[in-house]
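# Analysis of the macromolecular model
This is what each chain is made of:
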There are 2 protein chains.
Amino acid sequence: MSTKEYPSVLRKTGLRATPQRMAIWDYLVASEEHPSATDIYSRLKPKFPSLSLATVYNTLDVLVGMGLVNALGSLGDDRVHFDANLEPHINLVCRVCHKVVDTDASCVDDLEQELRQKTGFQVEGSRILYFGTCPDCQTRSNNYKRRE
Amino acid sequence: MSTKEYPSVLRKTGLRATPQRMAIWDYLVASEEHPSATDIYSRLKPKFPSLSLATVYNTLDVLVGMGLVNALGSLGDDRVHFDANLEPHINLVCRVCHKVVDTDASCVDDLEQELRQKTGFQVEGSRILYFGTCPDCQTRSNNYKRRE
DNA sequence: TTTTGTGCAAACGTTTTGCAATTAT
DNA sequence: ATAATTGCAAAACGTTTGCACAAAA
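This report concerns the structure included in the present document.

### Let's talk about the overall build of chain A
- Check the secondary structure of chain A and you find six helices and five strands.
- Taking the principal axes of the C-alpha coordinates as reference, chain A spans close to 45 × 40 × 25 Å.
- Expressed as a percentage of its 148 residues, the buried residues of chain A come to 43%.
- In chain A, the proportion of contacts linking residues at least 24 apart, taken out of those at least 6 apart, comes to 46%.
- For chain A, the exposed area adds up to about 8200 Å²; of that, 48% sits on carbon and sulfur atoms.
- Computing the positive centroid from 18 side-chain charges and the negative centroid from 19, chain A places the two 8 Å apart.

Pasting the structure below:
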């Protein structure tokens, strides 16, 4: 989806295309970092000096409610992180540097269907997290404290 | 692992086998409910009238640190839930009644290896959550508000 | 003009912390 | 005995809420 389409997508459901909303959504789509509310706040504050944290939370609620972004939940810290990549995929979380890498696996698509059949659940979303040590941090050191 | 082994497992790492710790661990292993800290607290309070919430949090930290239980993170509410089932498995979370059902899928075992090869991550743990509507709640009603 | 959204400050609930009293070893 | 653990109260933290003002439609 292009930046230009944001206003119409929002208005389609009676919501207003405010600069704050556009900026937050935009940042989320552009970012590969699965930011938290405070991440977004501090990143956007310079450009929107009047921006308030409450607005960030409000906007994230709106975007999640519209299905435009997913809430990943906590990733080891105690904040909810957000992901604008709506495709089913895997988040690899490094326990050392807390970096998150997205990846796919051949079976992810099959998994959902298997669950549906096996359990009768009407599956609506997923959050597949793997925790470990990323290649960079493996090189840097092998002694680290387990956290989480 | 049998209840009788708890003390020695704890002492092996210099930790004390207090009644509170045993009870919390015990409950976690017996329970199928992925309880949160406050769940555990209210469940155990009757048997340990002096029990404090801080001790529950301390103990959970200890157990997670020793790798005896996993922290699942928030499951739609805003509390961290815990799971003593250490085998890689899938948690199916019902968005309506918040019940959590554990299940397996044939590809889960392969997934980890595929990730290792593809990304170079040293995988140490996973948290595979699926959100949806459980069979019971599908029957009860089809109109519910999306939450999370 | 009207309705929605913003921003502030205060409130909330979960989790953490400091410390004196208690208990396992 | 002595070092670890408990339990309390207070603090901290992320997040939510209420309301007056501002802005989009």
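There's plenty left to go through after this.
### Describing the sheet that holds strand β5 (residues 122-133) of chain A
- One open sheet holds the six strands; their spatial order is β4(A)-β3(A)-β5(A)-β5(B)-β3(B)-β4(B), and the pairing between them is mixed. With one partner strand each, in any of the chains shown, β4 (100-103) of chain A together with β4 (100-103) of chain B form the two edges of the open sheet. Geometrically, the sheet is characterised by an average inter-axis angle of 25° between neighbouring strands, direction not taken into account.
- Here five bridges tie strand β3 (residues 90-94) of chain B to strand β5 (residues 122-133) of chain B, and the two strands are oriented parallel to one another. Bridged to Val93 of chain B within β5 of chain B is Phe131 of chain B.
- The strands touched by helix α5 (residues 108-119) of chain B are β3 (90-94), β4 and β5 of chain A together with β3 and β5 of chain B; relative to β5 of chain B, the strand with the most contacts, the crossing angle is about 130°.

### Digging into empty space enclosed by the protein
All names here are of chain B.
- Here the structure, examined in full by the defined rule, presents two cavities of 30 Å³ or more.
- Considering only enclosed or pocket space, the second largest cavity measures out at about 30 Å³ in volume.
- Looking at the lining of the second largest cavity, the element that brings in the most residues is strand β1 (residues 70-74), giving three residues.
- Broken down by class, the residue content of the lining of the second largest cavity amounts to four nonpolar, four polar and two charged.

### Some remarks on the relation of the copies chain A and chain B
- With an axial shift of 0.0 Å and an RMSD of 0.2 Å, the rotation relating chain A to chain B amounts to 179°. Such values leave the two copies arranged in the relation of a two-fold axis. For chain A, the minimum C-alpha distance to the rotation axis belongs to Ile128 of chain A and amounts to 2.2 Å.
- Looking at the interface residues of chain A, 98% of them are also at the interface in chain B, so both copies use one shared face.

### A word on helix α4 (residues 53-65) of chain A
Residue and element names in this part refer to chain A.
- In this model α4 runs 18 Å from its N-terminal to its C-terminal C-alpha over 13 residues, within 8% of the 18 Å that 1.5 Å per residue would give.
- Of the positions making up α4, those classed as buried are Val56, Thr59, Leu60, Val62, Leu63 and Val64.
- On its buried face, α4 sits against α2 (19-30), α3 (37-44), β1 (70-73) and β2 (81-83).
- One or two residues past the end of α4 sits Gly67, with phi positive at roughly 75°.

### A closer look at the packing of α2 of chain A against α4 of chain A
Residues and elements named next belong to chain A.
- Running from amino to carboxyl end, α2 crosses α4 at an angle of 65°, the nearest separation of the two axes being 10 Å. It follows from the interaxial angle that α2 and α4 lie roughly perpendicular. By crossing handedness, the relation of α2 to α4 is classed as right-handed. Only Thr55, Val56, Thr59, Leu60, Val62 and Leu63 of α4 make contact with α2, whose side of the interface consists of Gln20, Arg21, Ile24, Trp25 and Leu28.
- When its residues are assigned to classes, the contact of α2 with α4 shows seven nonpolar, three polar and one charged.

### Focus: the protein's contact with DNA strand C
- Neighbouring DNA strand C are 21 residues; Arg16, Arg21 and Ser50 of chain A together with Arg11 and Tyr57 of chain B lie closest to it.
- Here a phosphate oxygen of DNA strand C sits 2.9 Å away from a polar atom, N or O, in the side chain of Thr18 of chain A.
- Between Thr55 of chain A and DNA strand C, the recorded distance is 3.0 Å, taken from a side-chain N or O atom to a phosphate oxygen.
- Elements that contribute at least two residues to the surface near DNA strand C include exactly α2 and α4 of chain A together with α4 (53-65) of chain B.

### Brief notes about the pairing of strand β2 (residues 80-83) of chain B
Residues and elements named next belong to chain B.
- Where β1 and β2 come together, four bridges link them in antiparallel fashion. The partner of Ala71 across the bridge, within β2, is Phe82.
- Once β1 ends, the chain turns through five residues before running back antiparallel as β2, passing Gly76 with a positive phi of about 115°.

### Looking at the protein's contact with DNA strand D
- Lining the immediate environment of DNA strand D, one finds 20 residues, of which Arg11 and Tyr57 of chain A together with Thr18, Arg21 and Ser50 of chain B sit closest.
- At the protein interface, 73% of the atoms of DNA strand D within 4 Å belong to sugar or phosphate.
- Arg11 of chain A is positioned such that a nitrogen or oxygen atom in its side chain is 2.7 Å from a phosphate oxygen of DNA strand D.
- One nitrogen or oxygen atom from the side chain of Gln20 of chain B is found 3.0 Å from a sugar or linking oxygen belonging to DNA strand D.
- Those elements that place two or more of their residues in the surface near DNA strand D are α4 of chain A together with α2 (19-30) and α4 of chain B.
- Grouping the constituent residues of the surface near DNA strand D by class yields eight nonpolar, six polar and six charged.

What counts and how
- Residues numbered from 1 in each chain as written.
- Chains lettered and ligands numbered in written order.
- Predicted model: local features only at pLDDT ≥ 70, side-chain atom pairs only at ≥ 80, totals over all residues.
- Heavy atoms only, no water.
- Helix = DSSP H or I, 4+ residues; strand = E, 2+ residues; numbered from the N terminus.
- Buried < 20%, exposed > 50% of the residue type's maximum accessible area, 1.4 Å probe, protein only.
- Contact = heavy atoms within 4.5 Å.
- Areas by Shrake-Rupley, 256 points an atom, 1.4 Å probe, with all protein chains shown as cover.
- Lys, Arg positive; Asp, Glu negative; His and termini not counted.
- Charge placed at Lys NZ, Arg CZ, Asp CG, Glu CD.
- Pairing = 2+ DSSP bridges.
- Axes fitted to C-alpha atoms, helices over the stretch in contact; angles between N-to-C directions.
- 1 Å grid on protein atoms, 1.4 Å probe; cavity = no way out; pocket = protein on both sides within 12 Å on 5 of 7 lines; lining within 4 Å.
- Points joined across faces, edges and corners; volume = space filled by probe spheres on them.
- Nonpolar A, V, L, I, M, F, W, Y, C, P; charged D, E, K, R; others polar.
- Least-squares fit on C-alpha atoms with pLDDT ≥ 70 in both.
- Expected span 1.5 Å × (residues − 1).
- Parallel < 35°, antiparallel > 145°, perpendicular 65-115°, else oblique.
- Left-handed = near helix turned anticlockwise from the far one by under 90°.
- Near = heavy atom within 4 Å.
- Polar contact = N/O pair within 3.5 Å; in protein donor to acceptor, adjacent residues only side chain to side chain.

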